[in-house]
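# Chain and residue survey
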Amino acid sequence: MTTPSSSSADSSRSQGPLSAGDLKLGTLAVHAGEARQKPGDSITDPVFCASTFTFADTQAVIDYIEQEQPREEYGRYGNPGERVAERKLAALENAEDAVLYGSGMAAIVGLLMAKLNAGDEVIFFDECYHRSREFCGKHLSRFGVTTRQVKTGDYDAMEAAITPATKMLISESPTNPHLSCIDLEKFVDIGQRHGVETLIDATLATPYNLRPIDAGVDYVLHSATKYLGGHNDLLAGVVVGGKEALEPVRNLRGIMGAINGPQNVYLLLRGLKTFELRMQRHNDNGMLVAEFLENHPRVERVYYPGLASHPYHEIARKTMRGYGGLVTFLLKDADWRATADVIDAAKIPRIAPSLGGVESLIEQPMVMSYYKLTPEERQTFGIPDNMIRMACGIEDGEDLVADLSQALDR
Ligand SMILES: *Cc1c(COP(=O)(O)O)cnc(C)c1O
């Protein structure tokens, strides 16, 4: 944690800085990364609406450049609130450093652009956020980077796909929307034996449910738009990892300009205060809804890592503290329209893409994200017409179950 920034805190009787070392997640979410005594003696971090930051005189500019002092210079390179959020997110992940972006996709693009060169290869587990796949397949390829996809959870195939040009192994855990879970021990072991860096997009798990850095993963990525912000009111993204490894990533972000405005950062910091409480409710609601659906006669199959019937349940049990709010399920003998009718009959969850906010959201992946694809393409991505994805918010779980029940019983 940083030293107090206000002179009123210099007295020997003032409260000392908190040391993050032995604090638990709920305390870190509230306090980590923040100065104890803030400008204006405010308990919250102020929103500095500044695109640039001033120097007292020319010598101050020269001192800043020569001594590489930690202070602000120009808004594209960062702002005070953003640094607080980065320290807080690094503390939540037990990582050395974090680089914050204006969205999760900006974070993925920023990391890969900083780390890869023409001729390099990356290997993906194939169940992944469709825009990540699109970025690698359509855009990184234009810069001479080859993407190989292997079946999710096939560690032998991933290892076999490694060549001397392979620079990064990439996966989500859990994946979206199938909620497959990665055995981090195996994943990290492959990377380390071959000297290849590893990246886990842990957006669906969050640091409450999954600890990839502790498992030895090099980079963890989050769309902070989801659980970290948590209120369906902002976009942000973050890459966490080692300080030295993230230095070129931070430098490229300063060129890309994929940064957050001060107000957006304030919303993120505000959302993070309740992170632990929200995750507990998301986990409870996810489990309750998944168990309800599994026992419903109109439901063919439920994908939820907390269910013993989930193919990845053993890995999830081994690696996760809870299983999150996202529940995917298939309806029995339902075409796309009958599936849409269930969604339209639900009264509490709103129809929208995204997940991880306080409001529950519901959608049909075939319509929401894969509508323009051919049935064959949808099949290769494992998106049948009768699939529903429910992102449980923090409403009362029994209300969510009762609402789904009336929608299914129509
Ligand atoms: C939403 C999401 C992203 C993209 O994040 P944005 O903040 O929307 O840019 C990446 N990965 C996963 C798993 C996501 O759910």
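The structure displayed is predicted, hence computed values, not measured ones.

### Quick word on unusual backbone geometry
Leaving glycine out, the prevailing phi sign among residues is negative, and the prevailing peptide bond configuration is trans. Residue Pro174 follows Ser173 across a cis peptide bond; omega there is -15°. Mapped onto the elements of the fold, Pro174 is located in the loop between strand E4 (166-172) and helix H7 (184-194). Residues Asn176 and Pro177 are joined by a peptide bond in cis, for which omega reads 5°. Within the element layout of this structure, Pro177 appears in the loop between E4 and H7. Phi at Asp333 takes a positive value of approximately 45°, unusual for a residue other than glycine. Note that Asp333 resides in the loop between strand E9 (326-331) and helix H13 (336-345).

### Describing the layout of surface pockets
By volume, the largest pocket amounts to about 1200 Å³. In terms of lining residues, the largest pocket is bounded by 34 residues, among which Pro70, Arg71, Glu72, Arg83 and Arg87 are the most central. Elements supplying a minimum of two residues to the lining of the largest pocket: helix H3 (80-93), strand E1 (97-101) and helix H9 (243-256). In this structure, the second largest pocket occupies an estimated 580 Å³ of space. Put simply, the parts of the chain that give the lining of the second largest pocket at least two residues each are helix H4 (104-115), helix H5 (130-139), strand E6 (219-223) and helix H14 (365-368). Looking at the lining of the second largest pocket, the element that brings in the most residues is H4, giving 3 residues. Across the lining of the second largest pocket, the residue classes break down as 13 nonpolar, 9 polar and 6 charged. Summarising the domain contributions, the lining of the second largest pocket has at least three residues from each of domain 1 (25-273) and domain 2 (275-409).

### Structural notes on the sheet that holds E1
Read from one edge to the other, the open sheet built from 7 strands follows the order E1-E7-E6-E5-E4-E2-E3, with strand pairing classed as mixed. The open sheet is flanked by E1 and strand E3 (146-150), the only strands paired with a single partner. Neighbour-to-neighbour, the strand axes of the sheet open up by a mean angle of 20°, direction not taken into account. As judged from the 5 bridges shared by E1 and strand E7 (residues 237-241), these two strands associate in the antiparallel manner. Paired with Tyr101 across the bridge in E7 is Gly237.

### Examining the site of the ligand
Every residue lining the ligand is accounted for by Ser103, Gly104, Met105, Tyr129, Glu172, Asp201, Thr203, Leu204, Ser223, Thr225, Lys226 and Ala236. In the environment of the ligand, a nitrogen atom lies 2.7 Å from a nitrogen or oxygen atom belonging to the side chain of Asp201. At 2.8 Å, a side-chain N or O of Ser223 approaches an oxygen atom of the ligand. Protein coverage of the free-state accessible area of the ligand, which is 380 Å², stands at 93%. When atoms are counted within 2 Å of each cavity's grid points, the one that captures over half of the ligand is the second largest pocket.

### Some remarks on H9
Over its 14 residues, H9 extends 19 Å from the first C-alpha to the last, a length consistent with the 20 Å expected when each residue adds 1.5 Å. Considered for burial, the residues of H9 that qualify are Leu246, Val249, Arg250, Arg253 and Gly254. Elements in contact with the buried residues of H9: H3, E1, H4, E6 and E7. After H9 finishes, the residue Gly257 shows a positive phi value of roughly 75°.

### Quick word on the sheet that holds strand E8 (residues 299-303)
Within a sheet, neighbouring strands are paired by backbone hydrogen bonds and run either parallel or antiparallel to one another. Taken in spatial order, the 5 strands make up an open sheet running E8-E9-E12-E11-E10, and their pairing is mixed. This sheet does not close on itself; its edge strands, each paired only once, are E8 and strand E10 (350-351). Bridge analysis of E10 against strand E11 (residues 361-363) gives 2 bridges, and the strand direction is parallel. In the strand pairing of E11, Arg350 is matched with Leu361. Docked against the sheet, H13 engages E9, E10, E11 and strand E12 (387-391), running at close to 20° with respect to E12.

### Describing the nonpolar core
Counting 90 residues, the largest nonpolar core has Leu89, Leu268, Phe275, Leu293 and Val302 as the members making the most contacts within it. The element contributing the most residues to this core is helix H11 (residues 275-294), with 6 residues. Among the domains, domain 1 (25-273) and domain 2 (275-409) are the pair contributing at least three residues each to this core. In this view, Leu268 contacts Ala85, Leu89, Leu100, Ala224, Leu228, Gly229, Leu234 and Ala236; residues no more than four positions away in its chain are not counted. Formed by 24 residues, the second largest nonpolar core is a distinct cluster that contains Leu111, Phe124, Cys128 and Val239.

### Focus: the packing of H4 against H9
In the contact formed by H4 and H9, the axes pass within 9 Å of each other and the chain directions differ by 115°. For the element pair H4 and H9, the recorded crossing hand is right-handed. Contacts between H4 and H9 involve Ala106, Val109, Gly110, Leu111, Met113, Ala114 and Lys115 from the first element and Ala245, Pro248, Val249, Leu252 and Met256 from the second. For the contact of H4 with H9, a count of residues per class yields 10 nonpolar, 1 polar and 1 charged.

### Overview of the side chain of Asn386
You can see Asn386 is positioned in the loop between helix H15 (375-380) and E12. By relative accessible area, which is 11% here, Asn386 ends up buried. At 2.7 Å, the side chain of Asn386 forms a polar contact with the backbone oxygen of Leu331. Ignoring sequence-local partners within four residues, the contact set of Asn386 consists of Glu300, Phe329, Leu330, Leu331, Ala334 and Thr339.

Analysis parameters
- Residues numbered from 1 in each chain as written.
- Predicted model: local features only at pLDDT ≥ 70, side-chain atom pairs only at ≥ 80, totals over all residues.
- Heavy atoms only, no water.
- Helix = DSSP H or I, 4+ residues; strand = E, 2+ residues; numbered from the N terminus.
- 1 Å grid on protein atoms, 1.4 Å probe; cavity = no way out; pocket = protein on both sides within 12 Å on 5 of 7 lines; lining within 4 Å.
- Points joined across faces, edges and corners; volume = space filled by probe spheres on them.
- Nonpolar A, V, L, I, M, F, W, Y, C, P; charged D, E, K, R; others polar.
- Domains from an automatic or database assignment.
- Pairing = 2+ DSSP bridges.
- Axes fitted to C-alpha atoms, helices over the stretch in contact; angles between N-to-C directions.
- Near = heavy atom within 4 Å.
- Polar contact = N/O pair within 3.5 Å; in protein donor to acceptor, adjacent residues only side chain to side chain.
- Areas by Shrake-Rupley, 256 points an atom, 1.4 Å probe, with all protein chains shown as cover.
- Sits in = over half its atoms within 2 Å of the grid points.
- Expected span 1.5 Å × (residues − 1).
- Buried < 20%, exposed > 50% of the residue type's maximum accessible area, 1.4 Å probe, protein only.
- Contact = heavy atoms within 4.5 Å.
- Core = buried A, V, L, I, M, F, W, Y, C linked by side-chain atoms within 4.5 Å.
- Left-handed = near helix turned anticlockwise from the far one by under 90°.

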